[in-house]
Amino acid sequence: MSAETQTQRCGRFITLEGGEGVGKTTNVGFVCDWLSARGLEVVRTREPGGTPGAEAIRELLLDPSRDAPWCDDAELLLVFAARAQHLAEQIRPALARGAWVVCDRFTDATFAYQGGGRGVARERIETLEQLVQQSLQPDLTLLLDVPVALAAERVSGRGAPLDRFEQEQSTFFESVRQAYLERAARSERFAVIDARPDLETVQQAIGDCLRERVAAWS
Ligand code: T5A
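Undergrad: Sorry if this is basic, but what is going on with the site of the ligand here?
TA: In the neighbourhood of the ligand, 29 residues make up the surrounding shell, with Glu 20, Lys 24, Thr 25, Thr 26 and Thr 110 lying closest. Arg 154 places a polar side-chain atom, nitrogen or oxygen, 3.3 Å from a nitrogen atom of the ligand. Considering the ligand on its own, with 1000 Å² of exposed area, one finds that the protein chains cover 85% of that surface. Those elements that provide at least two residues to the shell around the ligand are helix 2 (24-36), helix 3 (52-62), helix 4 (72-96), helix 5 (107-117), helix 7 (148-158) and helix 9 (199-217). The dominant element in the shell around the ligand, judged by the number of residues it contributes, is helix 5, at four residues. Grouping the constituent residues of the shell around the ligand by class yields 12 nonpolar, seven polar and 10 charged.

Following this line, the structure appears as structure tokens:
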């Protein structure tokens, strides 16, 4: 753990990541329930969003009815503007008081979507990551991995209107998936969960992973 994390916070920070429709939102609930059942204070949140200001930026980012698309740098800056507010108002205070924060997406999504998907250089993202987060990183990132075609079936199965990202082509989502998997291969912070099977099997795997990691932290 970094010097900052040792001295300025005592809660744990868990993120769930993956492409569209892999089951993050469904399983954030499972992780929160798992931790709450062990008597921990849990804060459930998401990105982009998590605070009123960051949720307003989320609307700007996801709105499919915009006449002109955001340029890549504007999209990147909006993502980090939302994150700065979220960290200041929600995540850092929660961690400082000892709560466990469970977040549906965080900066790995920026490396996957803006980096892998849009082609923004990794160094540009890292510069903003350093500016906004300093040394703060998740303690554990559950990467839910599903082939793009299966994830698309799950998204369309929900029958909800598609947001601006969900309207991208499958090549975009293949690049996003690849970027996530490459990132996960480079860091022990990640646990890659095969999210293809039925929900019960996926949640068994997530529970096993949580048991192992939480035991290692105590
Ligand atoms: N973004 C975000 C960036 O570009 N950069 C960033 O830095 C950040 C933080 C946010 C968008 O913003 C972009 C990425 C995103 O496009 P979002 O709402 O957080 O949007 O992300 P989505 O992926 O769009 O969220 P979804 O709700 O669409 O997908 P989930 O949460 O992965 O999937 P979920 O849980 O809703 O499940 C989808 C369906 O599948 C079923 C569920 O019941 C549901 O119907 N399901 C399963 N069915 C069978 N078997 C299983 N194992 C199943 N698991 C779930």
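Undergrad: Looking at this model, I keep getting lost on helix 6 (residues 122-133). Mind explaining?
TA: Because an α-helix completes one turn every 3.6 residues, residues spaced three or four positions apart along the sequence face the same direction. Relative to the 16 Å expected for 12 residues at 1.5 Å per residue, helix 6 spans 16 Å between its end C-alpha atoms, a close match to the ideal helical length. Here helix 6 has its buried residues at Ile 125, Leu 128, Glu 129, Val 132 and Gln 133. Projected down its long axis, helix 6 carries its buried residues within an arc of 110°, all on one side. Of the exposed residues in helix 6, the ones pointing more than 90 degrees away from its buried face are Thr 127, Gln 130 and Leu 131. Gln 134 lies just past helix 6 and shows a positive phi near 50°.

Undergrad: Just checking my understanding: could you explain the packing of helix 2 against helix 9 for this structure?
TA: Relative orientation and spacing of two packed helices are given, respectively, by the angle between their axes and the distance between those axes. For the pair helix 2 and helix 9, interaxial distance at closest approach is 11 Å and the crossing angle is 45°. By the criterion of interaxial angle, the relationship of helix 2 to helix 9 is oblique. Along this stretch, helix 2 crosses helix 9, giving a crossing that reads as right-handed. Facing helix 2, whose interface residues are Thr 26, Asn 27, Phe 30, Val 31 and Trp 34, helix 9 presents Leu 199, Val 202, Gln 203, Ile 206, Gly 207, Leu 210, Arg 211 and Val 214.

Undergrad: Sorry, what's going on with the packing of aromatic side chains here?
TA: For any pair of aromatic rings, the description rests on two quantities: the centre-to-centre distance and the angle between the ring planes. Under the defined criterion, the tally for this structure stands at six aromatic pairs. Pairing Tyr 113 with Phe 165 gives two aromatic rings, centres 5.8 Å apart and planes at 85°, and the pair type is edge-to-face. Pair noted here: Tyr 113 is in helix 5 and Phe 165 is in the loop between helix 7 and helix 8 (170-185), with a separation of 52 residues, a long-range link. Take Tyr 113: its relative accessible area is 5%, and that puts it in the buried class. You can call Phe 165 buried: its relative accessible area is 8%. Sitting over the ring of Phe 80, Arg 83 keeps its end group 4.8 Å from the ring centre.

Undergrad: How do you make sense of unusual backbone geometry when you look at a structure like this?
TA: Apart from glycine, the bulk of residues carry a negative phi angle, and the bulk of peptide bonds sit in the trans form. Here the residue pair Glu 47 and Pro 48 is connected by a cis peptide bond, since its omega of -10° sits within 30 degrees of zero. As for its placement among the helices and strands, Pro 48 is situated in the loop between strand 2 (42-46) and helix 3. Its identity is not glycine, yet Arg 105 carries a phi of approximately 80°, on the positive side. Summarising the element assignment, Arg 105 is placed in the loop between strand 3 (100-104) and helix 5. On the basis of relative accessible area, Arg 105 is assigned to the buried category, the value being 13%.

Undergrad: Could you clarify how one ought to interpret the packing of helix 4 against helix 5 in this entry?
TA: The geometry of helix 4 relative to helix 5 is characterised by a closest axis approach of 11 Å and an angle of 175° between their N-to-C directions. By the angle class used here, helix 4 and helix 5 are roughly antiparallel. In this structure, helix 4 contributes Glu 75, Leu 76, Val 79, Phe 80 and Arg 83 to the contact, and helix 5 contributes Thr 107, Thr 110 and Gln 114. Classifying every residue of the contact of helix 4 with helix 5 gives three nonpolar, three polar and two charged.

Undergrad: Even after reading the chapter, I still don't get the side chain of Glu 47, so can you show me in this structure?
TA: Tracing the backbone shows Glu 47 in the loop between strand 2 and helix 3. Its relative accessible area of 4% is what places Glu 47 among the buried residues. A polar contact of 2.8 Å, which involves the side chain of Glu 47, links it to the side chain of His 86. Contacts of Glu 47, omitting those with residues within four sequence positions, involve Arg 58, Arg 83, His 86, Ile 91, Cys 103, Asp 104, Arg 105 and Phe 106.

Parameters and conventions
- Residues numbered from 1 in each chain as written.
- Predicted model: local features only at pLDDT ≥ 70, side-chain atom pairs only at ≥ 80, totals over all residues.
- Heavy atoms only, no water.
- Near = heavy atom within 4 Å.
- Polar contact = N/O pair within 3.5 Å; in protein donor to acceptor, adjacent residues only side chain to side chain.
- Areas by Shrake-Rupley, 256 points an atom, 1.4 Å probe, with all protein chains shown as cover.
- Helix = DSSP H or I, 4+ residues; strand = E, 2+ residues; numbered from the N terminus.
- Nonpolar A, V, L, I, M, F, W, Y, C, P; charged D, E, K, R; others polar.
- Expected span 1.5 Å × (residues − 1).
- Buried < 20%, exposed > 50% of the residue type's maximum accessible area, 1.4 Å probe, protein only.
- Arc of directions from axis to C-beta.
- Axes fitted to C-alpha atoms, helices over the stretch in contact; angles between N-to-C directions.
- Parallel < 35°, antiparallel > 145°, perpendicular 65-115°, else oblique.
- Left-handed = near helix turned anticlockwise from the far one by under 90°.
- Contact = heavy atoms within 4.5 Å.
- Phe/Tyr/Trp six-rings, centres within 6.5 Å; stacked < 30°, edge-to-face > 60°.
- Lys NZ or Arg CZ within 6 Å of the ring centre and 35° of its normal.

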